[in-house]
Each structure stands twice: as C-alpha cells, then as structure tokens.
Amino acid sequence: MKKIVIALVVLVVVLVGAVLIVPSFIDWNSYKGQIVAAIRDNTGRGAAIDGDIAFTVLPAPALRVAGLRIENFEGAQAADMVRLKELRLRVSIGALLERRIVVERLELIEPVIALEVAEDGKASWDIDIAAAAGRDASSSEGDSGDAPLDISLADVRVSGGSLSFEDRRSGTSEKVEDLQMAIGAPSLSGPFDVTASARARGMPVSLELKTGALKPQQPLTIGLKAALTEADAELRFNGKMLAPIPTGLLSGKLEITGASAAKLASAAGQDNLPPVLSQPVSIEGTLMVSPDAVALNDTALKFGSLSGNGAVSVTLGEPMNADIAVSVSRLNLDELLKQATAAPTTPSETAKPAESSTGPKAASSDPIAVELPKNINASFDLAIDVIQYRGSVIREAGLRAALANGEVTLDRAAALLPGGSDVSLLGFLSFIEGEPRFDGEVAAASDNLRSLLDWAGVEAGALPPDRLRGFSYASKVKLTPTAVEVQDINVRLDASTMTGGLAVALRDRPGFGLRLAIDQMNLDAYLP
C-alpha cells in the first residue's frame, strides 16, 4: 500500500512538473498562423508576426510576442494600422486556479498606431466585426449558465509609443510621439486610473484620468487633468457621463488656465503673436457634450486684468450650428496698448527675418478666391459696457453678426463715443465667384464734434469755439478688392449740409471720383 501511495505522489509530481515545464519546450512560433487567422477573422484585417512567440509558466504564466503588425485599410498611406515591437503579458497563476484573471503586468513596447481617413471617408477604425459579433453572441448564448470571468488589470504600461492621424479630406494631420502610459483597474468595469505623457506638436503633454466604476444605468464619474508643461497651461474637468456609456450626456465643470495666452496659442500652432498676449488667461464654465451637441455655459473669462462672461454652443449636423456670446463689463484699452508698447519681445515671439533674395519679388495681381462654408450657420454677439481709451470712455460697444449659406450679415457694430457721439455700421458680406463684396450702411452723429476731435487728438483750437458742434453723417458703402464706392453721402456740419458720392478704383494707377453738393457754407464763421 505504501508503495502505491509513493507511486501516486511521484506520478502527480511528474504530471505537475510536466504542466509547468513542458510549455517552455513547445515551439509556439508554429501557432503564428492560427493567431494571425484569429485576428483576421475578428477584425477583417490582415496581420503578421515578424518576431518570436514565447510562453512560460514559471514563476508566473507569461507571454511574449515580438513584431506584431495589423494592416490598415486598403489604399491607406500607412500600410500598417498597428505595429508593435513587443508585447509582454504576465498573469497570476493563483488567480487562474480561482477562475480569475489578474493581469500582473501588460507591456506594449514601442507601439505605432497610424489612423487615416481617405478622400471617400473610409477610416482606419472602420473594422468589420459583424461576423465576430455573431460568433460572440452565439457563444454567449451557449455559455449563459457560466459565471463571467473576473478580470483585473493591475499594471498596464505603454512605452515609447506614437500615434498619428491624417484626414486626407481636409489635409489635417497630427502626431503624438514618445507616448508613455500606465493604466490600473481592479476589474474591466473600473474604476480606472490612467496617467500618460507624450509630445504633441513638439511640446510635452501630461494627462491624469480617474473614473468611477461602470455600473448599469448609473452615471460614470470622471476626473481629468491635462497639462502643457512648457506653456505652463492646465486643463481640469470634473463631472459625470450619464448612461448609456459612452454615448450618454457628459457634463461637468471645465477649467483652463495658462500663464501666457501667447504660449497657449503657440501650442495650437499660432506663432509670432503680439507680446501683449503674454498675459495670464483662464476659462471656467459648465461643459455639456452629447453625440450631436457641445455647449460651454456660465463661462467666466479672464485675460490679464480683463474679465468677462460668455457662452458657446455647437450643434452638429447638416448644417452645423454654432452660437457664441461674450460680454465684458470694462476694457482698459489704454493699459493694453501701454503693455503692448512696453512688453519685451521674447525669442519665440520674434518673427523670423526675411530670407535674402537676389531681386525683388513681384506681388501676384491675381485675386485670391475666398469662400465661406455653406454648411455652417453661426452667430457671434460681443458686448462691452465700457472701454477706457485716450483718457475717456467708449460706452455700449457691441458687435453682432451671423453666418448663413456662406454669407455674413453684420446686424450691428456700434458704440457711444465721447462728446455725445455715436457711430454704427451694418451690412452684408457675400462672395461672388470667390471675390468678397461688402454692402453696408454707415451712420455717425455728434452733439459736440469739437470735443470728439480733441479726444481723438485732432487739433481744432484755431477755429472759433462756437464752430464744430453739431455733426451727422450717413452713407451707403460698397467694398470689393478692386473698388470702393460711397453712395448717398449726407453730412451735416453745424448749419451746412453736404450730399454726394465717392468712387475709388484700386488698381496700379488708382482712379478717383468725388461729387459733393453743399447747400450753404459760412466761411467767415470758421475764420479766426
């Protein structure tokens, strides 16, 4: 009996040893074809494994795959959508015995992801998973009585990755390099903890994302922090997403801060900006995002000492609709101009010197065709209560305009000026065969023109003090790149009224025409 027990123990030891050691001697490369076929069957894309496959059981089950490639769509400029130098996976052997999968470590070494959109709209992420979905559904029905696997991600890391995106329809291209990422989650339902860093447009970017757990019909809490280190700028979002995830309504508080508006704009590709923009900027508001709309409401704006409020809403569709409204209580233009004059220019804000040339370059006389999109409707409303300028104030300044069907309607551009004066402009901007044309009306009036001229820096002291008092102006204006026409001019100055028109031809040899009719003019009253 004792010999039988010893024999059984030896047999068990041999079997366990075989299970633990034999996988190390199997040529796993012979299974490449089956792995590639599985990827093709589940994605509709070809794949290849250029390197070796290795699998070990001790001290923990571990898999290593080198040189994995997944093809892009046919016709893409980048042949591979995904290239992976190496994948390393290690799971807990004890958890497997408890029907749990604990990913102790998953490493993606130097992944290269190339996403493209072709001229016909075909995209890299358009993957045919219909057949796979059908198989998964059939499999899930057959296994419906079994409990789902418990999977946790203790440590998932991406090192040395890069992500590129190119839209050949619009010519847009972006690239993120040197991507480093770490992900942790106690289960596939979260909560998730993600940290990442990369270089985007040559600038270092860092990101921290924390979410709650995914629960049926329950909102998902989201906390996001992103930073542009060199621009000294930061974005924070705290909110939630309503079910269903991920197409439900996302709402929460958004904060964007930057030590310099110029550096923040430079990160977006706008360089050589005026030094006056090198001031702190911040935006705070309530962000709401749905599959077909984006809105930022109750927005507080700050730029240096300037502060205001606003709202932005965008509705996607055909056409797309966008509405922007900004209100500012007080704008100290004197201070801004002073800062623009005094602020030093940093090397990054200095325009590059013009390249030397052996001769003068002739400017092209051909007009540049310009068109506004016809599939976007937009409105813009700007209101400034007080503008401090030249030691006095401009009140109730405002601009209201709308874009529709590729044409701009200027509903109102107006302000109250010193000396009991006001000025307004309205009109219509259209594009005819790519050439812009503005048709509008200008109106201005002043109860004390002398005071207005003094404020503007125009010396009128030589004229008698009772002159240059009442003033009004009205006319129609037509502007094109080649001509200026001012029609139906009607000017009142003190007791005189003038009518007429003006035409200017903008060409190599400008043409000029003026017609004025004055009802009366008391020259003696204007002589000293």
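The rules behind the values
Residues numbered from 1 in each chain as written. Predicted model: local features only at pLDDT ≥ 70, side-chain atom pairs only at ≥ 80, totals over all residues. Heavy atoms only, no water. Pairing = 2+ DSSP bridges. Helix = DSSP H or I, 4+ residues; strand = E, 2+ residues; numbered from the N terminus. Buried < 20%, exposed > 50% of the residue type's maximum accessible area, 1.4 Å probe, protein only. Contact = heavy atoms within 4.5 Å. Salt bridge = Lys/Arg side-chain N within 4 Å of Asp/Glu carboxyl O. Core = buried A, V, L, I, M, F, W, Y, C linked by side-chain atoms within 4.5 Å. pLDDT = per-residue confidence, 0-100. Phe/Tyr/Trp six-rings, centres within 6.5 Å; stacked < 30°, edge-to-face > 60°.

A.B. asks: Explain the pairing of strand S24 (residues 496-505) here, please?
C.D. replies: The side chains of a regular strand alternate, first on one face of the sheet and then on the other. Sheet analysis places strand S23 (residues 483-493) next to S24, joined by nine bridges and oriented antiparallel. Note that in S24 the partner of Ile-489 across the bridge is Gly-500. The antiparallel pairing of S23 with S24 creates a hairpin that spans two residues between the two strands, and Asp-494 there sits at a positive phi of about 55°. With eight bridges connecting them, S24 and strand S25 (residues 511-518) associate as antiparallel partners.

A.B. asks: Even after reading the chapter, I still don't get the environment of Ser-197, so can you show me in this structure?
C.D. replies: Relative to the assigned elements, Ser-197 resides in strand S8 (residues 193-200). Given a relative accessible area of 32%, Ser-197 falls into the partly exposed group. Ser-197 has contacts with Asp-178, Leu-179, Gln-180, Val-205 and Ser-206, leaving out every residue within four places of it along the chain.

A.B. asks: Just checking my understanding: could you explain the pattern of salt bridges for this structure?
C.D. replies: When charged atoms on two side chains of opposite charge get close, those side chains can pair. This model, assessed by the stated rule, comprises 20 salt bridges. One salt bridge connects Arg-69 with Asp-80, and the closest N-O pair in it is separated by 3.5 Å. Residue Arg-69 is found in strand S3 (residues 62-71), and its partner Asp-80 is found in strand S4 (residues 80-91); the two are separated by eleven residues along the sequence. Taking the relative accessible area as the measure of exposure, Asp-80 reaches 13% and is therefore buried. For Arg-201, the salt bridge goes to Glu-174, with nearest N and O atoms at 2.5 Å. Highlighted residues: Arg-201 in the loop between S8 and strand S9 (203-211) and Glu-174 in strand S7 (residues 172-185), separated in sequence by 27 residues. By relative accessible area, Arg-201 is classed as partly exposed at 45%. Residue classification places Glu-174 among the partly exposed positions, given a relative accessible area of 33%. What you see here is one network of salt bridges that share partners, running through Arg-105, Glu-107, Asp-155 and Arg-157.

A.B. asks: Help me understand the nonpolar core in this model?
C.D. replies: In summary, soluble globular proteins display a tendency toward joint burial of nonpolar side chains. Core analysis: the largest hydrophobic core is formed by 15 residues, its most contacted members being Ile-384, Ile-387 and Leu-468. Looking at this core, the elements with two or more residues in it are strand S16 (320-332), strand S17 (376-389), strand S18 (392-404) and helix H7 (449-456). Residue contributions to this core peak at three residues, all from H7. Residue contacts for Ile-387: discarding those within four places in its chain leaves Leu-331, Leu-333, Ser-392, Val-393, Ile-394 and Ala-397. Within the second largest apolar cluster, eleven residues are counted, among which are Ile-49, Ile-53, Ile-70 and Leu-84.

A.B. asks: Explain the confidence of the model for the chain here, please?
C.D. replies: A low pLDDT means the predicted coordinates there should not be read in detail. With 85% of its residues at a pLDDT of at least 70, the chain reaches an overall mean of 83. Averaged pLDDT values over the elements of the chain bottom out at 42 in helix H1 (residues 2-21) and peak at 96 in strand S22 (residues 471-480). In this model residues 1-20 is a low-confidence stretch, pLDDT under 50, and it forms six contacts with partners more than four residues away in sequence or in other chains. For the stretch residues 130-145, pLDDT sits under 50, and the model shows four contacts to residues farther than four places along the chain or on other chains.

A.B. asks: For this particular structure, what's the right way to read unusual backbone geometry?
C.D. replies: A cis geometry characterises the amide bond from Gly-190 onward to Pro-191, with omega recorded as 0°. Pro-319 follows Glu-318 through a cis peptide bond whose omega is 5°. For Asp-232, which is not a glycine, the phi torsion comes out positive at approximately 50°. Here Leu-468, not a glycine, exhibits a phi torsion of approximately 55°, which is positive. Among the structural elements, Leu-468 can be located in the loop between H7 and S22.

A.B. asks: How should the packing of aromatic side chains be read in this particular structure?
C.D. replies: Two numbers describe a pair of aromatic rings. These are the distance of the centres and the angle of the planes. All told, the structure shown has two aromatic pairs when counted by the stated rule. Centroid distance Tyr-389 to Trp-455: 5.8 Å. Interplanar angle 80°. Geometry classified as edge-to-face. With Tyr-389 in strand S17 and Trp-455 in helix H7, the pair connects residues that are 66 residues apart, well separated along the chain. Its relative accessible area of 25% is what places Tyr-389 among the partly exposed residues. Using a relative accessible area of 14% as the deciding quantity, one classes Trp-455 as buried.

A.B. asks: Hey, could you run me through the pairing of S18 in this one?
C.D. replies: Here S17 runs beside S18; their pairing, made up of eleven bridges, is antiparallel. Opposite Gln-388, over in S18, you have Val-393 as the bridge partner. In textbook terms, the turn of a hairpin is the stretch between consecutive antiparallel strands, and for S17 and S18 this stretch comprises two residues, one of which, Arg-390, has a positive phi near 55°. Sheet topology places S18 next to strand S19 (residues 407-417); eight bridges connect them, and they run antiparallel. Bridging from a neighbouring strand, Ala-402 pairs with Thr-409 of S19. Between the antiparallel neighbours S18 and S19 lie two residues, among them Asn-405 with a positive phi of about 55°.

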